[in-house]
Amino acid sequence: MEKLNRIRLDLLQNRNAIINNTVLFVLSYLFVFYLLQITTIVPAFTRGVSIIIYTSCMDFETRTSSVSADIWKSVDNVVSIFGTSIIFIVILMLVSLLLLKKWETDKIQIKRLLFWIVVCAFSRLCVQFICGHMFNLWSFNLVTDFLGITFPSKILKILFVLFVFLLLILGFYGVSFLVKYVIDPYSGNFKEQLRTNFMYPSVLGIIILILFFIPYNPKFTFTEPLNALSVALGLCLLVYKTAKNRYKFVEEQQVEAEKENINSVLLVFLPIFMVAVKIFFDKGMLLAVSAYRDYFVENVILSVTMTVFSVLAIILFVIYKKRKKRKALEQEEERKSIYDSVIDYDDNSSTMSRIDMDKYKRNWDEKDDIQN
């Protein structure tokens, strides 16, 4: 009963922060998921593979013909199609991790977003491998199968799945070191912040995501439910307990939570985006291959990729120059304040010294007059 009262109190007092974190978690999860979809579809499409895209997965089997079946006999094609998404997700995770640790921003929403992207990308990599091998899916598992790492030996496949599962556990243990970049462990209400920022949003988020992927066309797969569940369990069982024990020496006290406004833009965008996805992809969208589409897609990919990287490079350069200029101004102001304080101290010291010497001089003159 006490726990239920605590949960109800947390939800009431920190509802805005919980809503914001839930929205950011769901957006991060879907962003990583559809990044995987896009970076798998594009190399497959450019190699002549027709695909049916659903809300929760991609269907390669229905449109596989005798011509396109030859494509799957090539190790290079399989590794390129399913390995590209692995590379992109790893890059996204590493860049987000680097920005979370090195980007000294005061905007809490950016910190939360980067944290959720790191968690969702890492969980996606591990769970996608595990579910792919366990249920024989068209997924990351084909990369290790065609490279001869997990096929045809079942023992190697089992060992690899166990290795990835262990990596998943160790990874969430490592994520516990990242919570300090999102919340202050020395604030006095660290446990409450852990629950508000990570536990409650993850539980609410997996409920939203599982409902979003229903119905699981063209057939049910465990990948998305298990992936969402792994994030919630990892945060609740590993990250929360590990972080709490790491900072247990900090005395907990009643601290009034800072007032936080709901991010109305993201709150409105998320349901609109989810509804649009379900309208277009619930029944499946066919991407049929043709020579013209192949040429068009390759040019679009090249143009978009170059544009995105150019814009990103410019943004990072501008941010770097602004940060450098701001730090230079802060150092100059600090140097000036130190210099001014030293000058004031020297002036005061000289004045006191002069006053003291005048006092002694008068005493000496009085003694000389008395002797005379």
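A few points on the structure. (Residues numbered from 1 in each chain as written. Predicted model: local features only at pLDDT ≥ 70, side-chain atom pairs only at ≥ 80, totals over all residues. Heavy atoms only, no water.)

**So, helix α2 (residues 15-45)**
Okay, so step 1: With 31 residues, α2 should cover 45 Å at 1.5 Å per step; its first-to-last C-alpha distance of 44 Å lies within 8% of that length.
Okay, so step 2: Counting buried residues in α2 gives 25 out of 31 residues, a clear majority hidden from the surface. (Helix = DSSP H or I, 4+ residues; strand = E, 2+ residues; numbered from the N terminus. Expected span 1.5 Å × (residues − 1). Buried < 20%, exposed > 50% of the residue type's maximum accessible area, 1.4 Å probe, protein only.)

**Let's talk about the packing of aromatic side chains**
Okay, so step 1: Applying the stated criterion across every chain yields a total of 27 aromatic pairs.
Okay, so step 2: The interplanar angle of 75° and the centroid separation of 6.3 Å between the aromatic rings of phenylalanine 25 and tyrosine 29 together place this pair among those described as edge-to-face. Of this pair, phenylalanine 25 and tyrosine 29 both sit in helix α2, four residues apart, which is roughly one turn of the helix. Accessibility classification places phenylalanine 25 together with tyrosine 29 in one group, the buried group.
Okay, so step 3: Each member of the aromatic cluster is reached from another via a ring pair, and the members are Phe25, Tyr29, Phe33, Tyr34, Phe115, Trp116, Phe198, Phe212, Phe213, Phe269 and Phe273.
Okay, so step 4: For the cation-ring pair, arginine 124 lies above tyrosine 29, with the distance from its terminal atom to the ring centre recorded as 5.3 Å.
Okay, so step 5: In this arrangement the basic side chain of arginine 246 is found over the ring face of phenylalanine 177, its NZ or CZ atom lying 3.7 Å from the centre. (Phe/Tyr/Trp six-rings, centres within 6.5 Å; stacked < 30°, edge-to-face > 60°. Lys NZ or Arg CZ within 6 Å of the ring centre and 35° of its normal.)

**A short note on unusual backbone geometry**
Okay, so step 1: In this model, phenylalanine 151 is joined to proline 152 through a cis peptide bond whose omega is 10°.
Okay, so step 2: With respect to the helices, strands and loops of the structure, proline 152 is situated in the loop between α6 (141-146) and α7 (154-175).
Okay, so step 3: Note the cis peptide between asparagine 217 and proline 218, where omega equals -5°.
Okay, so step 4: Note on placement: proline 218 falls in the loop between α8 (190-213) and α9 (223-246).
Okay, so step 5: In this structure, asparagine 136 takes a positive phi of about 55° despite not being glycine.
Okay, so step 6: Among the structural elements, asparagine 136 can be located in the loop between α5 (108-135) and α6.

**Some remarks on the sheet that holds strand β1 (residues 51-53)**
Okay, so step 1: Taken together, the three strands give an open sheet; going across it, the order is β2-β1-β3, and neighbouring strands pair in antiparallel fashion. This sheet does not close on itself; its edge strands, each paired only once, are β2 (58-59) and β3 (285-287).
Okay, so step 2: In terms of strand pairing, β1 meets β3 through three bridges, oriented antiparallel. Within β3, the residue paired with isoleucine 52 across the bridge is leucine 286. (Pairing = 2+ DSSP bridges.)

**Examining the packing of helix α4 (residues 75-102) against α5**
Okay, so step 1: For the pair α4 and α5, the least separation of the axes is 9 Å and the interaxial angle reads 150°. The orientation of α4 relative to α5 falls into the category roughly antiparallel. Where α4 crosses over α5, the handedness of that crossing is left-handed. In this structure, α4 contributes Ile86, Ile89, Val90, Leu92, Met93, Ser96, Leu97, Leu99 and Leu100 to the contact, and α5 contributes Lys111, Leu114, Phe115, Ile117, Val118, Ala121, Phe122, Arg124, Leu125 and Phe129. (Axes fitted to C-alpha atoms, helices over the stretch in contact; angles between N-to-C directions. Parallel < 35°, antiparallel > 145°, perpendicular 65-115°, else oblique. Left-handed = near helix turned anticlockwise from the far one by under 90°. Contact = heavy atoms within 4.5 Å.)

So far we have only geometry, and geometry alone does not tell us how the molecule works.
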